[in-house]
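Chain by chain, the residues:
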Amino acid sequence: MLTVFERTIARRYLLPARSEAFIFLVATISMVAVMLGVAALIIVMSVMNGFRVELLDRIVGLNGHALIQGYGGRLDNWEDLLDKARKTDRVVSASPLIEQPLLATFNGRVEGIIVRGNDSENIQGLNTQLVSGNVNDITAESEKIAIGVGLAQNLGARVGDRITIINPQGRATPFGTVPREISYEIGAIFEIGVYDFDKLFVIMPIPDAQTLLLSGDSIGMIEITTENADEVNEIIAPLIPEVGNKGIVVDWQSLNASVFDALKVERVVMFVILSIIILVAVFNILSSLIMLVRAKTRDIAILRTMGASRRSILKVFVFVGTVVGIIGAGAGTVLGLGLLAIRQPIVGGVQYLTGATLWDPSVRFLTELPSKTDPWEVVLIVILAIGASFLATLFPAFKAANTDPVQVLRYD
């Protein structure tokens, strides 16, 4: 703690006289640099966290935490396995699923699609992502389907239109294999928020998918959702012996390893690169304190002759530099959180002014810029900024504390 004397001296050095305005300007620049560095780190780390969380939620929301996949894309006699999966400890839900890449045509347009056969419960779950239509109309043998908003735009189709889905693996005839073509009415259009999903997926009831694919009573896989996505391997471990030679069990981490590994590497690299901004600010604090010590050398010598200890002088200059860091870190935290709160209007404004697309869903997977602030990360960033500022004060503070008043005042 500082004494009243030390606080008084520190206050005068924090707000120097008009003749020392340049030193004050350098200190202000140092504070602004710390502020910008902290704000940049908070914004980038929050966006990276948000990107991972949003991507995980939306991918898992459609694919579950784990899949039991049948060999050759077929899982026969799956009812008992489904029942065991549902009874597994910490498994929230398990449902049958069919997934197959096919083709869709409408008014001369052809698009590659992925047909997903879901049970009625999962189809009803599309209500939260519904853009238009009614999922309640999508039932077995209703010849109605739900498609992603991206696919609807690519085909130029709306609710009520009929599109044709082509299965190249049709029935064998004396003239060769004839592709299977079935027309379906669009009953609903949904938006998952992941660009690749919205432009590919066609959702229909399992019986309709089995009819389209000529798969009989078999399915392709069983979708499993657990209580904790990060502990999915431990939760589904008891199911592996039950699956046996019928298929394999894969979790969301294996299915999307390339995406999430890339995010992890990018997150670490961005943290290291943006931390350099804080280091630059710290060097500014160091240089401003060195200039302050040189400008105040005579005053320091007079204080020493008046009885001020080296410890007091050391504490004064450490306090001055650290306060600059604290103010910069605090202002940077407020700035970063404030910009995150209005991130979407900022992105829209910059796009409007520049005419450039800053957030292309076809590249970024998600349709909006996500954000999720981790309080512990914010605390770590603030501690990093303040700690670096403190370390920067040590050299000039020791230099000031070791000032020899005899040498300085010899000719005064």
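Here, the structure is the one placed above.
Residues numbered from 1 in each chain as written. Predicted model: local features only at pLDDT ≥ 70, side-chain atom pairs only at ≥ 80, totals over all residues. Heavy atoms only, no water.

Describing the overall build of the protein
Regarding its fold elements, the protein presents 17 helices and 10 strands. Across the protein, every contact between residues at least 6 apart in sequence was considered, and the portion connecting residues at least 24 apart equals 79%. Accessible surface for the protein amounts to roughly 21300 Å². Of this, 59% is attributable to carbon and sulfur atoms. (Helix = DSSP H or I, 4+ residues; strand = E, 2+ residues; numbered from the N terminus. Contact = heavy atoms within 4.5 Å. Areas by Shrake-Rupley, 256 points an atom, 1.4 Å probe, with all protein chains shown as cover.)

Some remarks on the pairing of strand β8 (residues 201-205)
Along β8, 5 of the 5 residues are buried, which leaves the element largely enclosed by surrounding structure. The sheet contact formed by strand β5 (residues 144-148) and β8 spans 2 bridges and is antiparallel. In the strand pairing of β8, Ile147 is matched with Val202. (Buried < 20%, exposed > 50% of the residue type's maximum accessible area, 1.4 Å probe, protein only. Pairing = 2+ DSSP bridges.)

Details of helix α7 (residues 206-213)
Among the 8 residues that make up α7, 6 are buried, leaving the element largely enclosed by the rest of the structure. Among all positions in α7, only Ile206, Asp208, Ala209, Gln210, Leu212 and Leu213 are buried. Positive backbone phi, at 55°, marks Leu214, one or two positions downstream of α7.

Details of the packing of helix α12 (residues 297-305) against helix α13 (residues 310-341)
Contact geometry of α12 with α13 gives a least axis separation of 10 Å together with a crossing angle of 140°. For α12 against α13, the interelement crossing comes out right-handed. Each of Ile300, Leu303 and Arg304 in α12 lies in contact with α13, whose residues at this interface are Arg310, Ile313 and Phe317. Per-class residue counts for the contact of α12 with α13 are 4 nonpolar, no polar and 2 charged. (Axes fitted to C-alpha atoms, helices over the stretch in contact; angles between N-to-C directions. Left-handed = near helix turned anticlockwise from the far one by under 90°. Nonpolar A, V, L, I, M, F, W, Y, C, P; charged D, E, K, R; others polar.)

Some thoughts on the packing of α13 against helix α16 (residues 375-401)
Here α13 crosses α16 at 150°, and the two axes come no closer than 8 Å. Here α13 lies roughly antiparallel to α16, going by the angle between them. Judged by the sense of rotation from one axis to the other, the crossing of α13 with α16 is right-handed. Along the contact surface, α13 presents Arg310, Ile313, Leu314, Phe317, Val318, Gly321, Thr322, Gly325, Ile326, Ala329 and Thr333, while α16 presents Val378, Val382, Ala385, Ile386, Ser389, Phe390, Thr393, Leu394, Ala397, Phe398, Ala400 and Ala401. (Parallel < 35°, antiparallel > 145°, perpendicular 65-115°, else oblique.)

Observations regarding the nonpolar core
Counting 103 residues, the largest nonpolar core has Ile147, Ile163, Ile165, Met204, Ile222, Ile224 and Phe317 as the members making the most contacts within it. With 13 residues, helix α2 (residues 21-63) is the largest single contributor of residues to this core. (Core = buried A, V, L, I, M, F, W, Y, C linked by side-chain atoms within 4.5 Å.)

Things to note about the packing of aromatic side chains
Applying the stated criterion across every chain, the model contains 1 aromatic pair. Geometrically, the ring pair formed by Phe197 and Phe201 is edge-to-face, given 5.1 Å between the ring centres and 70° between the ring planes. Classification of Phe197 as buried rests on a relative accessible area of 13%. The ring of Phe201 carries Arg116 above its face, with NZ or CZ at 5.2 Å from the centroid. (Phe/Tyr/Trp six-rings, centres within 6.5 Å; stacked < 30°, edge-to-face > 60°. Lys NZ or Arg CZ within 6 Å of the ring centre and 35° of its normal.)

Some details on the environment of Asn118
With respect to the helices, strands and loops of the structure, Asn118 is situated in strand β3 (residues 109-118). Sequence separation between Asn118 and Asp208 is 90 residues, and the spatial gap between their C-alpha atoms is 9.7 Å. In this structure Asn118 touches Leu97, Ile123, Ile203, Met204, Pro205 and Ile206, once residues within four positions along its chain are discounted.

A closer look at the pairing of strand β1 (residues 66-70)
Summarising burial for β1: 4 of the 5 residues are buried, a large majority. Two strands pair when backbone bridges link them, and β1 and strand β10 (residues 247-251) are joined in this way by 5 bridges, in the antiparallel orientation. Bridge pairing in β10 places Ile68 opposite Val249.

Details of a nonpolar patch on the surface
Judged by side-chain polarity, Val32, Leu36, Leu335, Leu339, Ile342, Ile346 and Val350 come together as a nonpolar surface patch covering roughly 480 Å² of accessible area. For the nonpolar patch, the secondary structure elements donating two or more residues are α2, α13 and α14 (343-354). (Patch = residues over 30% accessible without salt bridge, like charges linked within 9 Å, V, L, I, M, F, W, Y side chains within 5 Å. Salt bridge = Lys/Arg side-chain N within 4 Å of Asp/Glu carboxyl O.)

Let's talk about the side chain of Glu377
By the secondary structure assignment, Glu377 is in helix α16. One polar contact links Glu377 to Asn49, side chain to side chain, over a distance of 2.9 Å. (Polar contact = N/O pair within 3.5 Å; in protein donor to acceptor, adjacent residues only side chain to side chain.)

So, the pattern of salt bridges
Here the structure, examined in full by the defined rule, presents 8 salt bridges. The shortest N-O distance in the salt bridge between Asp83 and Lys87 comes to 3.2 Å. Here Lys87 and Asp83 lie together in helix α3 (residues 79-87), a separation of 4 residues that amounts to about one turn. Of the residues examined, Lys87 reaches a relative accessible area of 64% and is grouped as exposed. Connected through shared salt-bridge partners, Arg90, Glu227 and Glu231 make up one network.

What about unusual backbone geometry?
A positive phi angle is found at Asn77, which is not glycine, with a value near 50°. One non-glycine residue, Glu143, lies in positive phi territory at about 60°. Here Glu143 is to be found in the loop between β4 (130-133) and β5.

Considering α3
Of the positions making up α3, those classed as buried are Leu81, Leu82 and Ala85. In an axial view of α3, the angular spread of the buried residues amounts to 100°, which keeps them on one side of the axis. Among the exposed residues of α3, those pointing more than 90 degrees away from its buried face are Asp80 and Lys87. Tucked into the core, α3 has its buried residues touching β1, β2 (91-106), β9 (221-226) and α9 (239-243). (Arc of directions from axis to C-beta.)

Focus on the side chain of Thr88
Tracing the backbone through its elements, the reader meets Thr88 in the loop between α3 and β2. With near-sequence residues (within four places) excluded, Thr88 lies in contact with Ile235 and Leu239.

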